[in-house]
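Coordinate analysis (summary)
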Number of protein chains: 2
Amino acid sequence: MDDRKKRILQAIVDEYINTAEPVSSGSIARRYNLDYSSATIRNEMAELERCGYLDKPHTSSGRVPSALGYRLYVNELLKDDDISIEEIKYIQSKLETRVNEIEELTRITTSTLSEITHYTTVAVGPRNNMQKIEEVKFVLLGKRNLMAIILTDSGIIKETIIKFDEDITEEQVNTLTFIFNNKLKGKPLEAIDKPLEEYIFSQMNYSLNVIKPIMQQLKKVISEETEYLLEGANKAFDLPEFKSLEVAKNFINILDTKEIMMDLLNTGFANDINVYIGEETENEKLKDFSIVTFKHKYKDKDLGTIGIIGPKRMDYSKVISVMKYISKKLNGE
Amino acid sequence: MDDRKKRILQAIVDEYINTAEPVSSGSIARRYNLDYSSATIRNEMAELERCGYLDKPHTSSGRVPSALGYRLYVNELLKDDDISIEEIKYIQSKLETRVNEIEELTRITTSTLSEITHYTTVAVGPRNNMQKIEEVKFVLLGKRNLMAIILTDSGIIKETIIKFDEDITEEQVNTLTFIFNNKLKGKPLEAIDKPLEEYIFSQMNYSLNVIKPIMQQLKKVISEETEYLLEGANKAFDLPEFKSLEVAKNFINILDTKEIMMDLLNTGFANDINVYIGEETENEKLKDFSIVTFKHKYKDKDLGTIGIIGPKRMDYSKVISVMKYISKKLNGE
DNA sequence: TTTTAGCACTCTTTACATTCGACTGCTAAG
DNA sequence: CTTAGCAGTCGAATGTAAAGAGTGCTAAAA
């Protein structure tokens, strides 16, 4: 894999990202000044195809990058810093808006990302099992509704409402607050479990009628998937690959069954930015799409993961540049 | 408009709802035992077309109901009680699940509706300006975060978090709670306005640094569009009308720009159930779709509006029957 | 040895012509 | 008033041909 092959591959991928049409040797020779004739490029393309970096839809057509081709492109050939000054200004103005809740920050980041890249963006909150409980609050609403608020160290606030068939007193609320905090402060969310329920029951003289619903609801809340945010789903429909109804249907299906995205977003490895190209994820439905995810942090607090989903020929340079820039901005230059 | 015309129109609409293909005089004569020859039906169809109830895609094709045709069908020809026993059982089992929050009830109703009808369902909460404040609570989270909770008479709970640059004391929280409740109990949400801010400021000796952010955030929350729920968006893609990319794109666009749906759902008139057929709404994008909305109530509390969006040839009988049934169930038989 | 011009070959796309079939509309008979 | 029957219309499907875009290979040039 010599240098010239790489340059040609890069030109092909760039061209394909722009045009969405199979790339011919002629168009490369013409538009990229590589100083080789189309014939030479043709030979190299044949070679690149043999190595698995390019595909050919049919005998007499131009070439299309394979997943392997994109992979090489992403790993080695990416040109960084692919954002314009206007875009930088736009991002800055967006990120400067004062936010009150971290959910709002996630929302802003997600929508900005979608607006700049023109791809569909999704976000999920941080994984529950990474979070530690900082405080538990109970608030009586009316006489029979209790709101439970759990603050975690990543700043996520989970709140839920528990309904009772009997009146709850302020005193009961105070005791509950004391005991829960006593037992849970600093513990992971999973500490809300059966043993805790038994312990609390043994410590308090309230009927199970009070404690059971609380525990049930709390367990439900912490087991619930975290917020799932979707931005710019309709943008995808302007892409040429969506002329195929099959592709469009798959896309809607992926977004509708949150599990697929959740899985992907949550399995991110150590890297801050992960790229999944088409069939690299084993999911059949994703074979026509690529997904780029990044760990969303603010002042080193984990705010979850944000992902961009687009066609395989997505503009990786742009996407990754923007992600890196936002990441940098959020974590103090 | 005699009775026979109506029977024939009904047959045509029924047939078209089933097949999504232009309906020919022959198929009606064959499949519906109206005891007339295809020629007679042909004559009537010509007449119905002249009156504007039917359309013809081209000279030698079968007929398709026009918006006016559907309208007549919905207003006069609908057969009620179009739900099977299995479906009734399914709905019952769904509605029986014990719910803790009304949002959960809305979620269950919305998804049940989508599952039974196989159409896409959306829901919005009740309009803010209809609601009265029942109670306001403030809860200190940490030292500089204040959670504000507003309970309204329709049971909707709005909560928000306000960040401060200085520490807040428990005492301040108590005073705030007292004053806000004093001034707001029983008042509509819009009572949270500038005069209130000034009044509170005049009554308390806290700096504006505390009161301003609270008022700002509260105003923001009450002005915010209420929850928007979407269920079964992907189901639409199995419908034959979605073979047209144009239609699919419009659909995604409608769902993505919540305002359109919001407008429609919120403008519902006195009726409990409203039907909008295709071009009846002036919105160009909606011309290929019909929307049926119903006021979602539980024990006479307003829980907002739920809407079903589907193709113009949606199964109105089924949809309306299911809605009526659910409505009945939620409001005590 | 590497590059390149040139040409034969392949395969898709588009256009056009033709056929086939499903309707309707109308007429005339029942 | 109903209906059988038939001419006429239009769309969908099929076949064929020509055009166009690209490749692969060969042989000459650098």
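Please refer to the structure higher up on the page.
Turning to the protein's contact with DNA strand D, a few remarks are in order. Not every one of the 21 residues close to DNA strand D is listed here, only the nearest: A:Ser25, B:Arg4, B:Thr40, B:Thr59 and B:Ser60. Taking all atoms of DNA strand D within 4 Å of the protein, the share assigned to sugar and phosphate is 77%. The contact in question runs from a base nitrogen of DNA strand D to an N or O atom on the side chain of A:Arg42, over 3.2 Å. Between DNA strand D and B:Thr59, the relevant distance is 3.3 Å, taken from a phosphate oxygen to a side-chain nitrogen or oxygen of the residue. Listed by contribution, the elements that provide at least two residues to the surface near DNA strand D are helix 3 (38–50) of chain A together with helix 3 (38–50) of chain B. The element that contributes the greatest number of residues to the surface near DNA strand D is helix 3 of chain B, accounting for 4 residues.

The subject of this paragraph is the interface of chain A and chain B. Accessible area lost when the parts come together is the quantity often used to give the size of an interface. Taken together, the contact between chain A and chain B spans 36 residues of the former and 37 residues of the latter. The junction of chain A with chain B conceals about 3,100 Å² of combined surface from both sides, 53% of it contributed by carbon and sulfur atoms. Applying the counting rule to chain A against chain B returns 4 salt bridges. Note that A:Glu104 is salt-bridged to B:Lys220, the shortest N-O span being 2.8 Å. Inspection of the region where chain A meets chain B yields 8 residue pairs in polar contact (both at pLDDT 80 or more). Residue assignment for the side of chain A that touches chain B shows that the elements contributing at least two residues are strand 4 (133–141), strand 5 (145–152), strand 6 (157–163), helix 9 (208–223) and helix 10 (245–256) of chain A.

On to the packing of aromatic side chains. As enumerated under the stated definition, the model contains 13 aromatic pairs over all chains in all. For the ring pair B:Phe242 and B:Phe289, a centre distance of 6.2 Å and an interplane angle of 45° mean the geometry is tilted. Here B:Phe242, found in the loop between strand 7 (228–231) and helix 10 (245–256), pairs with B:Phe289, found in strand 9 (residues 289–298); they are 47 residues apart in sequence, far enough to count as distant. Overall, B:Phe289 belongs to the buried group, its relative accessible area being 2%. Counting every residue linked through ring pairs, the aromatic cluster contains A:Phe237, A:Phe242, A:Phe251, A:Phe289, B:Phe237, B:Phe242, B:Phe251 and B:Phe289. If you follow A:Arg4 out to its NZ or CZ, it ends over the ring of A:Tyr36, 4.6 Å from the centre.

It is worth spelling out the environment of B:Val275 at this point. Residues and elements named next belong to chain B. Note on placement: Val 275 falls in strand 8 (residues 273–277). Taking the C-alpha atoms as reference points, Val 275 and Phe 294, separated by 19 residues in sequence, lie 8.9 Å from one another. If we skip the residues at most four places from it in the chain, Val 275 touches Arg 71, Val 74, Glu 280, Ile 291, Val 292, Tyr 316 and Ile 320.

Our focus in this paragraph is the sheet that holds strand 10 (residues 301–311) of chain B. All names here are of chain B. Read across the open sheet, the 5 strands follow the order 7-3-10-9-8; overall the sheet is antiparallel. Both edges of this open sheet fall to strand 7 and strand 8, since each of them pairs with a single strand only. Across the sheet, the mean angle separating the axes of adjacent strands is 20° when strand polarity is ignored. In this fold helix 11 (residues 258–266) packs onto strand 3 (120–124), strand 7, strand 8, strand 9 and strand 10, with an angle of close to 70° to the strand it touches most, strand 3. Sheet contacts for helix 12 (residues 316–330): strand 8, strand 9 and strand 10; angle to strand 9, the most-contacted strand, approximately 10°.

Turning our eyes to something else, we now look at the relation of the copies chain A and chain B. With an RMSD of 0.1 Å, the fit of chain A onto chain B corresponds to turning through 180° and sliding 0.1 Å along the axis. One copy is carried onto the other by what is essentially a two-fold rotation axis. Both copies share a contact surface, since 100% of the interface residues of chain A are interface residues in chain B too.

All chains considered together, the criterion is met by 46 salt bridges over all chains. In this structure, B:Glu49 and B:Arg63 form a salt bridge, with 2.8 Å as the shortest nitrogen-oxygen distance. Taken together, the residues span a long stretch of sequence, with B:Glu49 in helix 3 and B:Arg63 in the loop between strand 1 (54–55) and strand 2 (64–65) at a distance of 14 residues. Using a relative accessible area of 9% as the deciding quantity, one classes B:Arg63 as buried. Between B:Glu87 and B:Lys318 there is a salt bridge, with the nearest N and O atoms lying 3.1 Å from each other. Placement of the pair is B:Glu87 in helix 5 (residues 85–96) and B:Lys318 in helix 12, with a sequence separation of 231 residues. For the pair formed by B:Glu87 and B:Lys318, the shared burial category is buried. Ionic contacts of the salt-bridge type, sharing partners, join the residues A:Asp2, A:Arg4, A:Lys5 and A:Glu44 into one network.

Conventions we followed
- Residues numbered from 1 in each chain as written.
- Chains lettered and ligands numbered in written order.
- Predicted model: local features only at pLDDT ≥ 70, side-chain atom pairs only at ≥ 80, totals over all residues.
- Heavy atoms only, no water.
- Near = heavy atom within 4 Å.
- Polar contact = N/O pair within 3.5 Å; in protein donor to acceptor, adjacent residues only side chain to side chain.
- Helix = DSSP H or I, 4+ residues; strand = E, 2+ residues; numbered from the N terminus.
- Contact = heavy atoms within 4.5 Å.
- Buried area = accessible area lost by both parts, 1.4 Å probe.
- Salt bridge = Lys/Arg side-chain N within 4 Å of Asp/Glu carboxyl O.
- Phe/Tyr/Trp six-rings, centres within 6.5 Å; stacked < 30°, edge-to-face > 60°.
- Buried < 20%, exposed > 50% of the residue type's maximum accessible area, 1.4 Å probe, protein only.
- Lys NZ or Arg CZ within 6 Å of the ring centre and 35° of its normal.
- Pairing = 2+ DSSP bridges.
- Axes fitted to C-alpha atoms, helices over the stretch in contact; angles between N-to-C directions.
- Least-squares fit on C-alpha atoms with pLDDT ≥ 70 in both.

Everything listed is a geometric property; what it means functionally is a separate question.
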